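Secondary and tertiary structure notes
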Amino acid sequence: MAPGSPERAKAANGDSTAAAAPRVGPHPGFIFSSNQYSSETKVRRLLKDNGCDPAREDSNRLQGVQLIDNVRKHLHLPVRTFDTACTYFHKFRLNFRDAEYNYQDAALASLFVACKVEDTIKKSRDILAAAYSVKNPDKPAAADDKIFESPGRVIIGLERLILETIGFDFRTRYPQKLLVKVVRSALGKEGGKDFYHTAYAMCIDMYKTFVPIKRTTFTMVMAVAELTARMRGEHLERIQEFASQRRQYDREAVMETMLDLLDLYVQHHKSTKIGAQFDLNKCIDIKIHLNKDLDTAAQPRHLFHCNRCEIEEPTPQTPGSATSPATNASWPGDASARRSARGQDGTMRFVFDIETAREEQETSARYFREEFEEYEVEVEEPLPPLPRRDGEERSERRGGRDGYRGGYRGRGDHRRGGPYGGHRGERHYRGKGRYH
């Protein structure tokens with residue numbers, strides 16, 4: 001096109017009748033926002049989708065938390081690192097199948113990430129060496145041993161998955177710090193020492209359940225304080241009076257937390273710290289009493305429970321029987337860290353504010369929304385030909401006899417009997433003629 005051509009002049013003046021084709025921009029990508037809290041219904045749904053066996057799931061969860069606690073004590077890490085590691089461990093197990101990883105590797109990887117988050121940095125080799133020493137106290141191994149090279153890569157591979165699971169949201173809760181203030185405010189500095197030791201042990205046991213990812217810090221602390229008072233049989237009225245003066249106190253959430261802890265003590269009495277201090281019958285009696293209170297008040301066992309969304313028991317599925325480098329002599333490869341790659345047509349971004357993520361999605365959806373119009377068109381279709389009988393088709397192929405297109409019964413066949421009841425040897429003639 002020449003510089004002075006009329007087409008260029010029309011295009012410059014905006015007189016062009018041809019509409020320009022809309023430009024398609026890049027893919028808007030995907031947004032992931034972390035969720036600090038989960039309901040019991042959501043937890044059960046995730047476990048069912050992962051195909052977890054309930055008995056094996058409880059065993060893996062208890063052993064994984066116990067491994068984190070043992071390694072934490074061996075490395076002299078603070079309790080806040082333990083809280084963070086257990087929170088990451090629970091969230092990771094709810095989002096990945098047991099067959100895709102080893103739960104002990106996930107526990108050590110969660111502790112490795114928690115050490116970075118809480119500024120108590122430890123190398124992956126240090127954590128693996130500590131776990132190996134806990135399992136084999138008679139044969140400790142140094143952190144620079146060659147046997148930790150392969151499992152070290154496994155821990156680093158799981159670290160990336162844990163970060164994606166939590167959405168790079170490193171906020172966690174530390175109930176032990178608030179528990180000290182609550183016990184000191186309700187019972188005094190001197191009168192609550194023994195009470196606090198029991199409540200502290202119960203607070204450690206609480207991380208063997210899913211309570212830390214369901215409840216707030218104050219709810220967890222008040223549930224532990226009240227359940228400790230019921231176990232010890234003292235200071236119950238003072239704890240309840242202290243709780244009634246706090247506007248953030250939620251009785252229904254506290255009841256659910258106490259019943260979750262009692263389920264742990266009744267079903268896994270020997271796997272807890274409180275189980276060695278109190279009788280099992282006492283836990284059962286307290287649980288019966290709390291259930292009666294729920295029935296009297298007509299309150300549900302779990303908050304945000306929907307009967308229509310009630311989930312059936314998960315179908316048992318045997319997970320992978322991979323061995324862990326922390327507790328066994330055989331070391332797995334890095335297969336547990338291999339995951340299918342994310343889609344290549346978009347970028348995953350992690351946004352902390354849910355409202356900001358929702359506004360961004362609504363803004364970008366206007367440019368990527370595809371609108372369609374529906375039309376109804378009537379089309380006349382030719383009718384198929386009527387089906388013919390088998391006798392007619394055979395008669396047409398042979399040309400028929402005397403122009404008759406019927407079967408043998410309509411043409412007077414003397415071999416099989418005519419249509420008028422004729423007998424063998426009888427002959428019939430049409431029209432004028434004689435009988436011979």
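Residues numbered from 1 in each chain as written. Predicted model: local features only at pLDDT ≥ 70, side-chain atom pairs only at ≥ 80, totals over all residues. Heavy atoms only, no water.

Okay, the packing of aromatic side chains next. Going through the model one piece at a time under the given rule, you end up with six aromatic pairs. Aromatic side chains Phe-92 and Tyr-101 sit 5.0 Å apart centroid to centroid with 70° between the ring planes, which places their arrangement in the edge-to-face category. Residue classification places Tyr-101 among the buried positions, given a relative accessible area of 5%. Pairing Tyr-196 with Tyr-200 gives two aromatic rings, centres 5.9 Å apart and planes at 45°, and the pair type is tilted. In this pair, Tyr-196 and Tyr-200 both sit in helix 9 (residues 193-206), four residues apart, roughly one turn of the helix. In this structure Tyr-200 comes out as partly exposed when scored by relative accessible area, which is 27%. Linked through ring pairs, Phe-92, Phe-96 and Tyr-101 together constitute an aromatic cluster. (Phe/Tyr/Trp six-rings, centres within 6.5 Å; stacked < 30°, edge-to-face > 60°. Buried < 20%, exposed > 50% of the residue type's maximum accessible area, 1.4 Å probe, protein only. Helix = DSSP H or I, 4+ residues; strand = E, 2+ residues; numbered from the N terminus.)

A few words on a nonpolar patch on the surface. The grouping of Phe-168, Phe-170 and Phe-352 at the surface amounts to a nonpolar patch, some 280 Å² of accessible area in total. Along the polypeptide, Phe-352 turns up in the loop between strand 2 (348-350) and helix 14 (354-368). (Patch = residues over 30% accessible without salt bridge, like charges linked within 9 Å, V, L, I, M, F, W, Y side chains within 5 Å. Areas by Shrake-Rupley, 256 points an atom, 1.4 Å probe, with all protein chains shown as cover. Salt bridge = Lys/Arg side-chain N within 4 Å of Asp/Glu carboxyl O.)

Counting 80 residues, the largest nonpolar core has Val-71 and Met-231 as its most contacted members. With residues near it in sequence (within four places) discarded, Met-231 still touches Met-202, Leu-262, Tyr-265, Ile-274, Phe-278, Lys-282, Cys-283 and Ile-286. Counting residues in each nonpolar core, the second largest holds six residues, with Cys-52, Leu-94, Phe-210 and Ile-213 among its members. (Core = buried A, V, L, I, M, F, W, Y, C linked by side-chain atoms within 4.5 Å. Contact = heavy atoms within 4.5 Å.)

With that out of the way, let us pick up a negative patch on the surface. On the surface, Glu-374, Glu-376, Glu-378 and Glu-380 cluster together into a negatively charged patch. Position of Glu-374 among the secondary structure elements: in the loop between helix 14 and helix 15 (390-398). Exposure remark for Glu-374: the relative accessible area of 79% places this residue in the exposed category. (Lys, Arg positive; Asp, Glu negative; His and termini not counted. Charge placed at Lys NZ, Arg CZ, Asp CG, Glu CD.)

Bringing the packing of helix 3 (residues 54-74) against helix 6 (residues 124-135) into the picture now. It is the contact of helix 3 with helix 6, at a shortest axis distance of 9 Å, that shows an interaxial angle of 105°. Relative to helix 6, the element helix 3 lies roughly perpendicular. Of the residues in helix 6, those touching helix 3 at Asn-70, Val-71 and His-74 are Ile-127, Ala-130, Ala-131, Ser-133 and Val-134. (Axes fitted to C-alpha atoms, helices over the stretch in contact; angles between N-to-C directions. Parallel < 35°, antiparallel > 145°, perpendicular 65-115°, else oblique.)

What follows covers the side chain of Glu-226. With respect to the helices and strands, Glu-226 occurs in helix 10 (residues 217-232). Its relative accessible area of 2% is what places Glu-226 among the buried residues. Polar contacts involving the side chain of Glu-226 include one to the side chain of Arg-251, which spans 2.7 Å. Apart from the residues within four sequence positions on either side, Glu-226 is in contact with Leu-236, Ile-239, Gln-240, Tyr-249, Arg-251, Val-254 and Met-258. (Polar contact = N/O pair within 3.5 Å; in protein donor to acceptor, adjacent residues only side chain to side chain.)

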